[in-house]
Amino acid sequence: MTDPDIDVTRPSSARVWNYLLDGKDNFAVDRELGEALRSANPGIAGVAQSQRRFLIQAVTLLAGERGIRQFLDIGTGLPTADNTHEVAQRVAPASRIVYVDNDPLVLAHARALLTSSPEGKTAYIDSDVEDPERILREAGQTLDFSKPVAVTMIGILGNVADYAEARSIVERLLDAVPPGSYLAVSDGTSTSAQSVESQRVAKQSGHPYNLRTPEEIGGYFQGLELLEPGVVSTPLWRSQPGTRPEALDVYCAVGRKP
């Protein structure tokens, strides 16, 4: 954690999220912002946890029931337990996974920890979400875009300030994958005064994150076939029978390209 490329004077979204998930790969500046966000929106740690559960659920479903063997995970974040390749390769060891992030600490950990099963393959791309052409070009060295791909974008699209541009990025990614591919998105929403306040706090810290409405989250799936239960608050997506999770300021869905 002493890499000179790692700026310890400014918070990093990956490290702040790591802190909210009770991880250890963060610095004082990340913990300070994490606590400010928690004060503004006491449910924000639950948002982080629900997004992690959604990723695990979605990848398990897609690798298992839906037979997907290729995953493009954009906005990887810091490795934890049950990363995309671990979940997918437990179900199907030959799965191929490409991770995308632009945080130098994520890159350092990815090189050390994101190792593949012997049958499959993992790769890491150091790129910004706003450069989908580069992502696709480099991912094509590992993934076969003539076969279905699952694109996962968990807590990343809010980094794109303009919603129309965020929609365009998703569309350009989906244009490159064949029918039978999938999109999984989960992102923060402006569905409470507390979430709006946390957005203000983040912006004030010099680390803005743009919340969307649930309808805007749904807009990412235009032209796709939504899997049940559609666009819902992330804790409610295929929740365990007999449980009654609380809705939070984060929405998600999984859609199939027809």
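Residues numbered from 1 in each chain as written. Predicted model: local features only at pLDDT ≥ 70, side-chain atom pairs only at ≥ 80, totals over all residues. Heavy atoms only, no water.

Asks: Please give an account of the overall build of the chain that cites residues and values.
Replies: From N to C terminus, the chain includes nine helices and eight strands. For 258 residues, the compact-globule estimate of 2.2 N^0.38 gives 18 Å, and the chain sits close to it at 17 Å. In terms of its C-alpha atoms, the chain occupies a principal-axis envelope of roughly 45 × 40 × 35 Å. Looking at the chain residue by residue over its 258 residues, the buried ones come to 52%. Surface exposure of the chain reaches about 11500 Å², of which carbon and sulfur atoms provide 50%. (Helix = DSSP H or I, 4+ residues; strand = E, 2+ residues; numbered from the N terminus. Rg over C-alpha atoms; globule rule 2.2 N^0.38 Å. Buried < 20%, exposed > 50% of the residue type's maximum accessible area, 1.4 Å probe, protein only. Areas by Shrake-Rupley, 256 points an atom, 1.4 Å probe, with all protein chains shown as cover.)

Asks: I'd like to hear about the nonpolar core, residue by residue, with values.
Replies: Residues Leu72, Ile74, Val151, Met153, Leu157, Leu183 and Tyr220 are the most contacted members of the largest nonpolar core, which totals 31 residues. Elements with a contribution of two residues or more to this core: β1 (70-74), β2 (96-101), α6 (132-139), β4 (150-154), α7 (163-175), β5 (182-188) and β8 (250-256). If one sorts the elements of this core by residue count, α7 sits on top with six residues. When sequence neighbours within four positions are dropped, the list of residues in contact with leucine 72 reads Val98, Val100, Ile135, Ala139, Leu143, Val149, Ala150, Val151 and Thr152. (Core = buried A, V, L, I, M, F, W, Y, C linked by side-chain atoms within 4.5 Å. Contact = heavy atoms within 4.5 Å.)

Asks: Any details on the packing of α6 against α7? Residues and values, ideally.
Replies: It is the contact of α6 with α7, at a shortest axis distance of 10 Å, that shows an interaxial angle of 25°. Considered as vectors, α6 and α7 are oriented roughly parallel to each other. By crossing handedness, the relation of α6 to α7 is classed as right-handed. Of the residues in α7, those touching α6 at Pro132, Glu133 and Leu136 are Ile169, Arg172 and Leu173. Along the lines of polarity and charge, the residues of the contact of α6 with α7 split into four nonpolar, no polar and two charged. (Axes fitted to C-alpha atoms, helices over the stretch in contact; angles between N-to-C directions. Parallel < 35°, antiparallel > 145°, perpendicular 65-115°, else oblique. Left-handed = near helix turned anticlockwise from the far one by under 90°. Nonpolar A, V, L, I, M, F, W, Y, C, P; charged D, E, K, R; others polar.)

Asks: A description of the packing of aromatic side chains should follow, citing residues and the corresponding values.
Replies: If you walk through the whole model with that rule in mind, you get two aromatic pairs. With a centroid separation of 5.1 Å and an interplanar angle of 90°, the aromatic rings of phenylalanine 54 and tryptophan 237 are classed as edge-to-face. Of this pair, phenylalanine 54 sits in helix α3 (residues 44-63) while tryptophan 237 is found in the loop between β7 (232-233) and β8, placing the two residues 183 residues apart along the sequence. The exposure classification of phenylalanine 54 matches that of tryptophan 237, with both residues buried. (Phe/Tyr/Trp six-rings, centres within 6.5 Å; stacked < 30°, edge-to-face > 60°.)

Asks: Residues and numbers for α7, please.
Replies: Helical periodicity: at 3.6 residues per turn, an α-helix aligns residues three or four positions apart in one direction. With 13 residues, α7 should cover 18 Å at 1.5 Å per step; its first-to-last C-alpha distance of 18 Å lies within 8% of that length. Listing the buried residues of α7 in full gives Tyr163, Ala166, Arg167, Ile169, Val170, Leu173 and Leu174. The buried residues of α7 occupy an angular sector of 155° when projected down its axis, which confines them to one face. Relative to its buried face, α7 has exposed residues pointing more than 90 degrees away, namely Ala164 and Asp175. (Expected span 1.5 Å × (residues − 1). Arc of directions from axis to C-beta.)

Asks: Break down the pattern of salt bridges for me, with residues and values.
Replies: In this structure the tally under the stated criterion is ten salt bridges. One salt bridge connects aspartate 82 with arginine 90, and the closest N-O pair in it is separated by 2.8 Å. Judged by relative accessible area, aspartate 82 falls into the partly exposed class, the value being 27%. The exposure class of arginine 90 is exposed, given its relative accessible area of 54%. Connected through shared salt-bridge partners, Glu133, Glu165 and Arg172 make up one network. (Salt bridge = Lys/Arg side-chain N within 4 Å of Asp/Glu carboxyl O.)

Asks: Tell me about the pairing of β1, and name the residues and values.
Replies: For β1, the buried fraction is high: five of the five residues fall into the buried class. Across five bridges, the pairing between β1 and β2 is parallel. Across the sheet, isoleucine 74 pairs through a bridge with valine 100, a residue of β2. Between the parallel pair β1 and β2, the chain is carried across by helix α4 (residues 84-91), and the sense of this crossover is right-handed. (Pairing = 2+ DSSP bridges. Right-handed = clockwise from strand over helix to strand, strands pointing away.)

Asks: How would you summarise α6 if you had to cite specific residues and measurements?
Replies: Taken together, the buried positions of α6 are Pro132, Ile135, Leu136 and Ala139. For α6, the arc enclosing every buried residue in end-on projection is 95°, short of the 170-degree limit, so these residues lie on one face.

Keep in mind these values describe shape, not function.
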